[in-house]
Amino acid sequence: MRLIRKLLITGGLGFIGSNFIRYELKNYDGLKIFNLDKLTYAGNPLNLKDLEGRGSYVFVRGDICKDSDVMALFKKEKFDAVVNFAAETHVDRSILDAKPFIKSNISGVQVLLEAVQKFGTPVFLQISTDEVYGSVPPPKKSKEDDALLPNSPYAASKASADLLCRAYFVTHKTPIIVTRSSNNYGPFQFPEKFVPVVISRAMEDKPIPVYGKGINVRDWLFVEDNCRAIDLVLRKGRLGEVYNIGGANELRNIDLVKQILKILKKSDDLIIFVKDRPGHDLRYALNCQKIQTELGWKPCVNLSDGISTTVEWYKRNKQWIKAIEKGTYQANYKTKTK
Ligand code: NAD
Ligand code: TDX
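**Considering the packing of helix α6 (residues 194–203) against helix α8 (residues 253–263)**
Okay, so step 1: For the pair α6 and α8, interaxial distance at closest approach is 10 Å and the crossing angle is 40 degrees. Taken together, the axes of α6 and α8 lie oblique to each other. By crossing handedness, the relation of α6 to α8 is classed as right-handed. Together, F194, V195, V198, I199 and A202 of α6 and N253, L256, V257, I260 and L261 of α8 make up the contact between the two elements.
Okay, so step 2: A per-class count over the contact of α6 with α8 returns 9 nonpolar, 1 polar and no charged.

Pasting the structure below:
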């Protein structure tokens, strides 16, 4: 078990990163977390507002692509571990413009790998995705050593980072570990992703866009289950290894929408079928035997409970959505931190 007292999180103002920071501080007394985040459109200071001013949490505005931002931080602080959540993450945006994806998701990771190598950080955990395996036909489930066959520019950028991590491990013995999780859902997810799009639009009786015929299958993982898995891998995972993290909840998009509409007591008539996403992967599915056997992890939250909790959270946090819609969610923050 690794002893971690000073932890660097990158991209911690996003969805999974903010959930992970809260999870860590809740579970480990004496832990100090530094959160390096560029505050792109996806970085939301409201996600961690409750932690501001605490001695155990320090926000640093900065870009993982910039040597100067990263090196300055590593020179000042000696980290026991780094977990990299920072990335451009929306597949649709990567289809419109792949450039920021190549920069943050590949070059940014290389900058972090160099810093970890140079400053002798004991472990670097790269957060990757099931999308790197590409679409898999049923009943296949992707294993960690399967070929990487990414189909979107986003997935290709994440696969490239995975390969860079592998190469640094083999060549320089940089202490990397990679996790590849399936689709996360839960509180604080930016309302451009499917689950919050459905919930926020349904609450306002607005049409819900379903791509193609809605038959694409995703394996839904409650974000807290992912945080627990990431924590285990960070403290007990083997260096140089990849760990799949799946939700064991495979569902077609159309069935997920109907489930959410039922919870909200809204009509299926809100569903509209729209033009499909180019290169839209039909199915992702992960074999999670490795993390279960080695680290004893499996998901605890079933889809019905997880979705109900998530719907409740969005119902109680309409102001959080409104601030994003109005564009005020980063107000004052950018000037205050730069
Ligand atoms: P998100 O889009 O909600 O947040 C990304 C965060 O990274 C934001 O706070 C943003 O400001 C920050 N960021 C972006 N570029 C940066 C840069 N160059 N320097 C510093 N900070 C930067 O993302 P998320 O959904 O929380 O995903 C986190 C990680 O998990 C990503 O690496 C993603 O590829 C991976 N992942 C996500 C899912 C999912 O379902 N959301 C599933 C599997 C893997
Ligand atoms: O409005 C929509 N309508 C729709 O039908 C949106 C936003 C999505 N969809 C479909 C596309 C996908 O089949 O829903 C499914 C989920 O879409 P996204 O939420 O965009 O997620 P996905 O493309 O599966 O990728 C997500 O999971 C893996 C994350 O965004 C990635 O960052 C992660 O790596």
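This is not the end of the story, as more comes after the structure.
**A word on the side chain of D92**
Okay, so step 1: Inspection of the secondary structure assignment puts D92 in helix α3 (residues 91–96).
Okay, so step 2: A relative accessible area of 19% places D92 in the buried class.
Okay, so step 3: Here the side chain of D92 touches Y211 through a polar contact of 2.6 Å, side chain to side chain.
Okay, so step 4: Apart from the residues lying within four places of it in its own chain, the contact partners of D92 are Y211 and R277.

**With respect to the site of ligand 1**
Okay, so step 1: The full set close to ligand 1 counts 29 residues, and I16, D37, T89, Y154 and K158 are the nearest of them.
Okay, so step 2: Contact between ligand 1 and I64: a nitrogen atom at 3.0 Å from a main-chain N or O atom of the residue.
Okay, so step 3: A distance of 2.9 Å separates an oxygen atom of ligand 1 from a polar atom in the backbone of N184.
Okay, so step 4: Taking 840 Å² as the accessible area of ligand 1 by itself, protein coverage stands at 97%.
Okay, so step 5: If you list the elements that add at least two residues to the shell around ligand 1, you get α1 (15–27), β5 (124–129) and α5 (153–172).
Okay, so step 6: Taken together, the residues of the shell around ligand 1 break down into 12 nonpolar, 13 polar and 4 charged.

**Describing the environment of I208**
Okay, so step 1: Among the secondary structure elements, I208 is positioned in strand β8 (residues 208–211).
Okay, so step 2: Not counting residues within four places of it along the chain, the set of residues in contact with I208 comprises V198, R201, A202, V257, L261, L270, I271 and I272.

**Let's talk about the pairing of strand β4 (residues 81–84)**
Okay, so step 1: The side-chain alternation of β4 yields two buried faces, one formed by A81 and V83 and the other by V82 and N84.
Okay, so step 2: Note that β4 and β5 share 3 bridges and pair parallel. What sits directly across from V83, in β5, is L125.

**Describing the packing of aromatic side chains**
Okay, so step 1: Scanning all chains against the criterion turns up 14 aromatic pairs.
Okay, so step 2: Between F34 and F79, the aromatic rings sit 5.5 Å apart at their centres with planes inclined by 75 degrees, giving edge-to-face as the arrangement. Of this pair, F34 sits in strand β2 (residues 32–37) while F79 sits in the loop between α2 (67–76) and β4, placing them 45 residues apart in sequence.
Okay, so step 3: The buried category is assigned to F34, whose relative accessible area is 5%.
Okay, so step 4: One aromatic cluster is present, built from ring pairs that chain together F34, F74, F79 and F119.
Okay, so step 5: The residue whose ring lies beneath R93 is Y41, and the NZ or CZ to ring-centre distance is 3.6 Å.
Okay, so step 6: The cationic tip of R235 hangs over the ring face of Y28; the distance from NZ or CZ to the ring centre is 3.5 Å.

**Considerations on the site of ligand 2**
Okay, so step 1: Near ligand 2 you find 18 residues, and of these T129, E131, Y154, R277 and H280 are the closest.
Okay, so step 2: Here N183 contributes a side-chain N or O atom positioned 2.9 Å from an oxygen atom of ligand 2.
Okay, so step 3: At 2.6 Å from an oxygen atom of ligand 2 is found a side-chain nitrogen or oxygen belonging to H280.
Okay, so step 4: When ligand 2 sits alone it has 660 Å² of accessible area, and the protein chains cover 93% of it.
Okay, so step 5: Class assignment for the residues of the shell around ligand 2 results in 6 nonpolar, 7 polar and 5 charged.

Calculation rules
- Residues numbered from 1 in each chain as written.
- Chains lettered and ligands numbered in written order.
- Predicted model: local features only at pLDDT ≥ 70, side-chain atom pairs only at ≥ 80, totals over all residues.
- Heavy atoms only, no water.
- Axes fitted to C-alpha atoms, helices over the stretch in contact; angles between N-to-C directions.
- Helix = DSSP H or I, 4+ residues; strand = E, 2+ residues; numbered from the N terminus.
- Parallel < 35°, antiparallel > 145°, perpendicular 65-115°, else oblique.
- Left-handed = near helix turned anticlockwise from the far one by under 90°.
- Contact = heavy atoms within 4.5 Å.
- Nonpolar A, V, L, I, M, F, W, Y, C, P; charged D, E, K, R; others polar.
- Buried < 20%, exposed > 50% of the residue type's maximum accessible area, 1.4 Å probe, protein only.
- Polar contact = N/O pair within 3.5 Å; in protein donor to acceptor, adjacent residues only side chain to side chain.
- Near = heavy atom within 4 Å.
- Areas by Shrake-Rupley, 256 points an atom, 1.4 Å probe, with all protein chains shown as cover.
- Pairing = 2+ DSSP bridges.
- Phe/Tyr/Trp six-rings, centres within 6.5 Å; stacked < 30°, edge-to-face > 60°.
- Lys NZ or Arg CZ within 6 Å of the ring centre and 35° of its normal.

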